[in-house]
Each structure stands twice: as structure tokens, then as C-alpha cells.
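# Inside the fold
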Amino acid sequence: MEVEIDQNGAVLLGKNVACDAHCPKPIRVVTHSHFDHIGGLDESIAHCEKVLMTPATRDLLEILKSKKSVDSPKIHCLRYGETFEYENEKLTFFSANHIIGSAQVLLESDIRIVYTGDFKLYRGGSLTAPTIPSDILVMDATYGNPHRRRTFKNEITARFIDLVKKSLEAGIVYIFGYYGKLQEILEIIHTADIETPVIVPEKVFKMMQVCERHGMKFGNYFSSKSEEAKGLDHFIGLYHMGSKQWIGKGATKITLSGWEFDMPVRQERAKEFTVAFSDHADFDELLQYVGLSKPKRVITDNKRGGDAVTLAKEITKRFGIPAEPLPSSDSMSSVVKGFSA
Ligand SMILES: [Zn+2]
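Residues numbered from 1 in each chain as written. Predicted model: local features only at pLDDT ≥ 70, side-chain atom pairs only at ≥ 80, totals over all residues. Heavy atoms only, no water.

## Here we look at the sheet that holds strand β9 (residues 103-108)
Here is the rule: For two strands to count as paired, DSSP must find a minimum of two bridges between them. Strands are runs of DSSP state E lasting at least 2 residues, helices are runs of H or I lasting at least 4, and numbering of each runs from the N terminus. Between the N-to-C directions of two axes lies an angle of 0 to 180 degrees, each axis being a line fitted to C-alpha atoms and, for a helix, fitted only over the stretch in contact. Two residues qualify as a contact provided that any one of their heavy atoms is within 4.5 Å of a heavy atom in the partner residue.
Spatial ordering of the open sheet is given by β7-β8-β9-β10-β13-β21-β22, a layout of seven strands whose pairing is mixed. Pairing within the sheet leaves two strands with one partner each, and these edge strands are β7 (83-86) and β22 (323-326). Put simply, the sheet's adjacent strands are angled 20° from each other on average, direction ignored. Strand direction decides the pairing type here: strand β21 (residues 297-301) and β22, joined by four bridges, are parallel. Residue pairing across strands places Ile-299 opposite Glu-324, the latter belonging to β22. Those strands touched by helix α7 (residues 283-293) are β9, β10 (112-115), β13 (136-139) and β21, and its axis lies near 165° from that of β13. Contacting β13, β21 and β22, helix α8 (residues 308-319) crosses the sheet at an angle of about 170° to β22.

Here it is as C-alpha cells:
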């Protein structure tokens, strides 16, 4: 039994499973549709026996990549709680509470290996994602530094809603964020009974439709190309972060940032705000996960940015559990073999 993280970001679990980048193993897993987790998907479809993902991830990839790119009998959709068996290994998905369709992976053989993928534990102040007991825990380390704590996380949603309502009194409001956060924020706007219509670019519109098919609830939203949108002079615009500098001149601009740790809402200048809104676990949540999962060893993902080295040290210091970042910072290729439970 072994765990590795390749230099290309493939998280290798047990004998047969490669997650989130291509590796010539029989089973490829895509934990979610963010670009740093779908690397080498075409190659995996060509060379692996099965490519596992949740139904929502498959439907999102149809839009983010193309219909053709996920039109293969090798793609096997697995719902949360369902199990897929290959040789003597049993693989189960659990919600990761990161973006719609995102999954944690449990691989069971004689030991239990859990790969969290990108995750967060809390939504609107409630513990939402399952923490899965493990022997080896492979975890996201985006905010693996003691300075990356959002101690005010319970206040963020309420402060965001207040800001949007107040800003709407002054005119149009644009909100900028990454895919996944935009969908979550539209659900929050809807739940808060803000009835101002929402305009989104065509690609985001199609993603919203997928999210609705998979159970998310939104109010009135329109594609920016639609006739309804063209006639509106008061609305909320939900746009990808990349368009922030081009769109929304004269309107209130709100940026959803995962890198604000000092306060829930920061005013940057007149009519410009940053809201501390992340879809990743902060430092406290990472430690909480370890405490609840009770692994015998921890691997921190040192490939996708963040603080994997610091997180591993903190875990060992606080829990007395062996922990290490992979790939290791000083090697081109790192392999950890023979973990025994
Ligand atoms: Zn992600």
C-alpha cells in the first residue's frame, strides 16, 4: 500500500487510483472541475480503464471543456456514498463542500486512505462536510499556515448580505469571484430574499443551469445576452474574477477573496469592497479535520500552492502524528511507500 503525489499533481492512492492529474493507473478520479484538478483528462480517458467523477462534475466539464471531452463510456459517474470496486480496493465519494460536485475520496483495502481534495468544513456557520476516519490522510494545504485563519467566518454571510442590500440602494452592484463561488453566492442572494435580478455571462449562465439541475436553488438570473438582461437598468452582475478590470465602471464592485483574513468586509475605496469568501478550509478547519479523522499519518498536498510544508510541521507538533508534504520541496519526484496502519 502506498501514497504518492507526482510532480504533475497526480495524487496516487493505493495500487490503482490516480486523482486530479493523469498517471497510467487503471482508475482516474476527478475530485472536482477546477482547472488544477482536471489535468490530463483527455489522456486519462484514452489510457485509463475508468474515469470517476460525480454527475455534477461531469455536467460542469461539458461546459468548461466541451461536450465531446466527457462523452466516453469510460466515464463513470459516482454519487456521494456510492462505492466503486476494483480488485481489492473499494472507493467511495463524500461531499467536500468546496464547489458543486466536489468530492472527497475514501479508498479502503486493508487500510483506509482519505484524500480530501479541495474542501471546506463550514457553510454559513454550520459543519457541513463529513470528516472521514482514516489511517492515511492526504489533504489540501491551501491555508496550511497559522496566519490563515478566518476567526469571523460565522459573520461573513450576514455582512455580505448587508453590503449587497445597502449597495443596491445606490445602484448597480457587480460581484466578482471564481467559478464555484459565484454559484454559491447566487444561492446566498436568493436565500436572503434579495429580489433584484441577477445578470451573468453566458458561460456562467450555463453553469448555473447545471447547478440547478443538481439541486441548488437560485432566484431570477439571466444571461447577459438575453433580451431580459438588455432591458434592465438595476441589477446585480455576477462575473468571473478575470473580468473585474473591464466591467462595472461606476457601479459598486464587490470581490470575493479567499485571501482576506483580517475582516469579513474590507472597503478598498469608494464603491469597492473585498469580502472574505473562500471555498477552502482555513487553518483551523484543516486542524479540525485531522483531529476528527484521527489518521496515523498525514500527507499535505505540496503541488497546488499554499503551505504544505508548514501544515505538515504544525500537524506533527500539535497531534504528534507523522506528517509530510509531497512532492517534497527539495526533490523532483517523491514517493512514500510502505505506510502501515
Ligand atoms: Zn478547487
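## Side note on the domain arrangement of the protein chain
Going by this rule: Throughout, the edges of the domains are those of an automatic or database domain assignment. A simple way to read buried area is as the amount of 1.4 Å-probe accessible surface that goes missing from two parts once joined, with both sides added. Basic side-chain nitrogens of Lys or Arg form a salt bridge, by our definition, when they fall within 4 Å of a carboxyl oxygen of Asp or Glu.
Taken domain by domain, the protein chain holds domain 1 (2-148 + 280-337) and domain 2 (153-276). Using only C-alpha atoms to locate each centre, domain 1 and domain 2 end up separated by 29 Å. Contact residues are listed per partner, giving 21 residues for domain 1 and 17 residues for domain 2. Between domain 1 and domain 2, roughly 1600 Å² of surface is buried when both sides are summed, and carbon and sulfur atoms account for 67% of that area. Summed over the three residues of domain 1 that lose the most area to domain 2, namely Ile-63, Ile-100 and Tyr-143, the buried surface amounts to 31% of that side. Counting the contacts that link domain 1 with domain 2 gives five salt bridges. Where Asp-59 meets Arg-213, a salt bridge forms, and the shortest distance between an N and an O atom there is 3.4 Å.

## Looking at the coordination of the zinc ion
The criterion, for reference: Here the term donor refers to an N, O or S atom within 2.8 Å of the metal (or 3.2 Å for Na, K and Ca), and because water is left out of the atoms, sites may appear incomplete. In this scheme the shape depends on donor count and angles: four donors with every angle between 85 and 135 degrees give tetrahedral, four or six donors with opposite pairs above 155 degrees and others between 65 and 115 give square planar or octahedral in turn, and any other case is irregular. A simple rule labels every residue: compare its accessible area, found with a 1.4 Å probe on the protein chains alone, to the largest value its type can have, and call it buried under 20%, exposed over 50%, or partly exposed in between.
Every protein donor of the zinc ion is listed here as His-32 (NE2), His-34 (ND1), His-98 (NE2) and Asp-118 (OD), and their distances to the metal cover 2.2 to 2.3 Å. Taken together, the four donor atoms coordinating the zinc ion and their angles of 90 to 164° define a geometry best described as irregular. Counting the intervening residues between successive donors of the zinc ion yields the motif H-x1-H-x63-H-x19-D. Of this pair, His-32 sits in the loop between β4 (27-29) and α1 (41-47) while Asp-118 sits in the loop between β10 and β11 (122-123), and the two are 86 residues apart along the sequence. Given the relative accessible area of 6%, Asp-118 is considered buried.

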